[in-house]
Amino acid sequence: MADRNILLVEGKDDEHVFKSLLMHHQVPEVFRIKNKDGVNNLLETLDVEIDRSGLERLGIVVDADTDLDARWQSLHDRLRMSGYPNVPAVPDLSGTIIEHPGRPKLGIWLMPDNAASGMLEDFVGYLVRQGDLLWDLAEVSLQQIPEAERRFPETHWIKARVYTWLAWQEEPGKPMGQAITATYFDANASQAQQLITWLNRLFDLTP
Amino acid sequence: MTSLILDSLEIHNFRTFHHLQIERLGRVNLIVGKNNVGKTSLLEALWLYAKQGSPEVIRYILEKRNEIKRTAADERRQIQPQFSDIRHLFYGREAVEMRSGASAHIVAGHTGLLSITVDWFVRQAARSQSGYKLVPYQESSNITSEKMLGLEINTESQRKDRFLVEDIFNPSRTHLLEAEDAYPAIFVPASGITRTEVEAFWDGIALTDREKDVIEALQIIAPAVERLNLIGLHDSQGSRIPAVKLKHYDGPVNLSSLGEGMNRMFTIALALVNAGAGMLLIDEIENGLHYTVQPDMWRLIFAVAHRLNVQVFAATHSWDCIAAFQQAANEHAEEGMLIRLENRDGDSVTTLFDERRMGIAAREDIEVR
């Protein structure tokens, strides 16, 4: 049986975060999540994924990283080459959906929120409950690291913060997906709701 | 890379196709798709183009699908049955009306063109030679002449040929109808080729180096094959059948006794080496071939097609066959093209996979069929 609906994600962490959120929100399993092992591979193989036999709907989840405009432009150009002349100039804040006759329906979500630069961990950070003391303490701790001793690049600050925070939970070191299932994170946070709404629209599900 | 006969293709109004476009073709092309999407029709269009609208090819492709229903001589002369049969060439078949006529066009590259139009003609006596020429009924001044159904064939060389449908359908006349300037092109149907063709193809390469290619093809399945020849059956027609010499057996062994796969491999290789500087068209190429021998078969096809400048078009719906093709294509830069044919809401749509895209599909486990 051909895969009719697929969600492409950058890596294992994305895959597990999505699986936990989908389970929590009881989204029916009508699509397959495919881990593309990195954003470069995802982009370089995208034209072939779109032409998969029998494909009807394809979701694409990538990190905006440091330059959201550049990331969007590279998706924009690739999708035009794949027969979508109607890719909007800027991403839709609620998650982009593109339909074109004779082509699979496309959905694009730029982590964290289709507007800010950043990555999966920024999105997961949104799911920390308001006023969480440890979340603030994690930030304070990171700031206390002398510049010369900091081993991670500045761009991974949020990663360090999320993993620091995860280290201080009931069961330290749970991966992000499991931490959602264990309700350390709030899967009902508004950003999570928005993501689920986008998925429902893309895969034509009634919530 | 030597230039290809066809680097792109467009078909209008021919059989299954209202409109079909293939923007890029390779040297070795594998056409894949579900049943009834027009894989065979595509091969037929290519063959007809290569043979520049040959009446023999037209009769063959209609007969092969049992679309010429009237065989008795008196029925063959009647217009209505002729029309019912000939319209199978055109898109829409049953919807094609007798009074309106229909045209099919096959456009190859920037300059290649073949168009076939069914129309009404009258015979006009030719002054210089024996026989007659056909004039369109509309242009004819002599309206008492019998109105007859015919095909007008136009080609890129601006040659204009007209044939009566009753002549096209008459096997004893078809071969007299002329078709010129054609590319060499061999069509291998799913069921294989006739004994007569086998004999003619063998005679075309006997005692040349191309024999080696055919033997090498057989060795993919049976490494013990050392030599190959056609030997007499001593029947009334004097037919000859293929036989091989095996390593540890001193005497001829009928090829057919070595299994269905051997016959298929022999047919494909023999047709390939006879299609030099032309086209080879193979329907359901994997027929009878075990999946384990298919990668080597494709390797051989790629190598020989390159050397003899053959452009190959094969059709399949077998997953194993596609996988084998992908393997071999990845070893031959810029030669292979996988062409998926599908029907989307009544439109024929093609999706192309060159080596880069085939490689990605294989690596990322993406279904291309």
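Just so we're clear, the structure is a prediction, and the values are computed from it rather than from any experiment. (Residues numbered from 1 in each chain as written. Chains lettered and ligands numbered in written order. Predicted model: local features only at pLDDT ≥ 70, side-chain atom pairs only at ≥ 80, totals over all residues. Heavy atoms only, no water.)

1. A short note on the overall build of chain B
Helices and strands together make up the secondary structure of chain B, namely 12 helices and 16 strands. A globule of 369 residues ought to have a C-alpha radius of gyration of about 21 Å, and chain B, at 22 Å, matches this closely. If you line up chain B on its principal axes, its C-alpha atoms span 75 × 55 × 35 Å. Within chain B, contacts between residues at least 6 apart in sequence are counted, and of these 64% link residues at least 24 apart. About 17000 Å² of surface is accessible on chain B, with carbon and sulfur atoms providing 46% of the total. On chain B, the mean spot of the 40 positive side-chain charges and the mean spot of the 50 negative ones are 2 Å from each other. (Helix = DSSP H or I, 4+ residues; strand = E, 2+ residues; numbered from the N terminus. Rg over C-alpha atoms; globule rule 2.2 N^0.38 Å. Contact = heavy atoms within 4.5 Å. Areas by Shrake-Rupley, 256 points an atom, 1.4 Å probe, with all protein chains shown as cover. Lys, Arg positive; Asp, Glu negative; His and termini not counted. Charge placed at Lys NZ, Arg CZ, Asp CG, Glu CD.)

2. Things to note about the interface of chain A and chain B
Reports of interface size often rely on the accessible area that becomes lost once the parts have come together. Facing 13 residues of chain A, the contacting portion of chain B comprises 16 residues. When the buried area of chain A at its contact with chain B is split by residue, Val48(A), Asp51(A) and Ser53(A) rank highest and sum to 45% of it. Between the two partners, chain A and chain B, sit 4 salt bridges. Scanning the region where chain A abuts chain B turns up 12 residue pairs in polar contact (both at pLDDT 80 or more). (Buried area = accessible area lost by both parts, 1.4 Å probe. Salt bridge = Lys/Arg side-chain N within 4 Å of Asp/Glu carboxyl O. Polar contact = N/O pair within 3.5 Å; in protein donor to acceptor, adjacent residues only side chain to side chain.)

3. Focus: the pattern of salt bridges
Taken as a whole, this structure holds 37 salt bridges over all chains when the rule is applied. Asp47(A) is the partner of Arg356(B) in a salt bridge, and the nearest nitrogen-oxygen pair spans 2.3 Å. Placement of the pair is Arg356(B) in helix α12 (residues 355-363) and Asp47(A) in helix α3 (residues 46-50), with the two residues belonging to separate chains. Overall, Arg356(B) belongs to the partly exposed group, its relative accessible area being 44%. Note that Arg363(B) and Glu364(B) form a salt bridge whose closest N and O atoms lie 3.9 Å from each other. Salt bridges linked by common partners bring Asp3(A), Arg32(A), Lys34(A), Lys36(A), Glu49(A), Arg52(A), Arg363(B) and Glu364(B) together as one network. (Buried < 20%, exposed > 50% of the residue type's maximum accessible area, 1.4 Å probe, protein only.)

4. Quick notes on the environment of Val107(B)
Residues and elements named next belong to chain B. Along the polypeptide, valine 107 turns up in strand β4 (residues 102-108). When the C-alpha positions of valine 107 and leucine 6 are compared, they lie 9.7 Å apart, and in sequence the two are 101 residues distant. Apart from residues lying up to four places away in sequence, valine 107 is in contact with Ser8, Leu9, Glu10, Gly112 and Leu113.

5. Description of the sheet that holds strand β14 (residues 311-316) of chain B
Residues and elements named next belong to chain B. Strands sit in the order β9-β13-β14-β3-β15-β16 across an open sheet of 6 strands; the sheet is mixed. In this open sheet, the two edge strands, each paired with only one partner strand, are β9 (185-188) and β16 (347-353). Mean inter-strand twist for the sheet, computed between neighbouring axes without regard to direction, equals 15 degrees. Looking at chain direction, strand β3 (residues 28-32) and strand β15 (residues 336-344) are connected through 5 bridges and run parallel. In the sheet register, isoleucine 31 faces β15, and the bridge partner there is isoleucine 339. (Pairing = 2+ DSSP bridges. Axes fitted to C-alpha atoms, helices over the stretch in contact; angles between N-to-C directions.)

6. Looking at the confidence of the model for chain B
Residues and elements named next belong to chain B. Here chain B averages 89 in pLDDT, while 93% of its residues score no lower than 70. No element of chain B has a lower mean pLDDT than helix α3 (residues 73-76), which averages 68, and none a higher one than strand β13 (residues 279-282), which averages 98. Across the predicted assembly, pTM comes out at 0.91 and ipTM at 0.92. (pLDDT = per-residue confidence, 0-100.)

7. Quick look at the side chain of Glu199(B)
All names here are of chain B. As for its position among the elements, glutamate 199 is in helix α7 (residues 195-205). The charged side chain of glutamate 199 is buried without a salt bridge, its nearest counter-charge being arginine 240 at 4.5 Å. At 2.7 Å, the side chain of glutamate 199 forms a polar contact with the backbone nitrogen of arginine 240. Not counting residues within four places of it along the chain, the set of residues in contact with glutamate 199 comprises Leu230, Ser239 and Arg240.

8. Re the packing of helix α1 (residues 12-24) of chain A against helix α9 (residues 190-202) of chain A
Two measures define how a pair of helices packs: the angle their axes make with one another and the distance between the axes. Residue and element names in this part refer to chain A. Between α1 and α9, the shortest axis-to-axis distance is 11 Å and the interhelical angle comes to 85 degrees. The angle between α1 and α9 places the two elements in the roughly perpendicular class. Residues Phe18, Leu21 and Leu22 of α1 touch α9, and the partners they reach there are Ala192, Leu195, Ile196 and Leu199. Tallied by class, residues from the contact of α1 with α9 come to 7 nonpolar, no polar and no charged. (Parallel < 35°, antiparallel > 145°, perpendicular 65-115°, else oblique. Nonpolar A, V, L, I, M, F, W, Y, C, P; charged D, E, K, R; others polar.)

9. Section: helix α7 (residues 157-167) of chain A
Among the 11 residues of α7(A), 8 are classified as buried, and the element is accordingly described as predominantly covered. Contact partners of the buried residues in α7(A): α5 (120-125), α6 (133-144) and α8 (176-181) of chain A.

10. Points about the packing of helix α8 (residues 210-221) of chain B against helix α10 (residues 294-308) of chain B
Residues and elements named next belong to chain B. Between α8 and α10, the shortest axis-to-axis distance is 10 Å and the interhelical angle comes to 170 degrees. The pairing of α8 with α10 is recorded here as roughly antiparallel in orientation. Side by side, α8 and α10 meet where Arg210, Asp213, Glu216, Ala217 and Ile220 of the first sit next to Asp296, Met297, Leu300, Val304, Arg307 and Leu308 of the second. Here the contact of α8 with α10 is built from residues that sort into 6 nonpolar, no polar and 5 charged.

11. Re the sheet that holds strand β11 (residues 240-246) of chain B
All names here are of chain B. Taken in spatial order, the 3 strands of this open sheet run β10-β11-β12, and their pairing is antiparallel. Strand pairing shows two members of the sheet lacking a second neighbour, β10 (225-232) and β12 (252-254), which therefore form its edges. Here the strands of the sheet are splayed against their neighbours by 40 degrees on average, with no regard to which way each runs. Two strands pair when backbone bridges link them, and β10 and β11 are joined in this way by 7 bridges, in the antiparallel orientation. In the strand pairing of β11, leucine 230 is matched with proline 242. Its contacts with the sheet put α7 on β10 and β11, and the angle it makes with β10 is roughly 120 degrees.

12. Quick look at unusual backbone geometry
The omega torsion across Met111(A) and Pro112(A) is 10 degrees, close enough to zero to call that bond cis. By secondary structure assignment, the location of Pro112(A) is in the loop between β5 (105-111) and α5. A positive phi angle, near 65 degrees, is found at Leu207(B), a position not held by glycine. Within the secondary structure, Leu207(B) is located in the loop between α7 and α8.

13. Considering the pairing of strand β2 (residues 17-22) of chain B
Residues and elements named next belong to chain B. Bridge analysis of strand β1 (residues 9-14) against β2 gives 5 bridges, and the strand direction is antiparallel. Bridge pairing in β2 links glutamate 10 to glutamine 21. Where β1 hands over to β2, the hairpin turn is made up of 2 residues, of which arginine 15 adopts a positive phi near 50 degrees.

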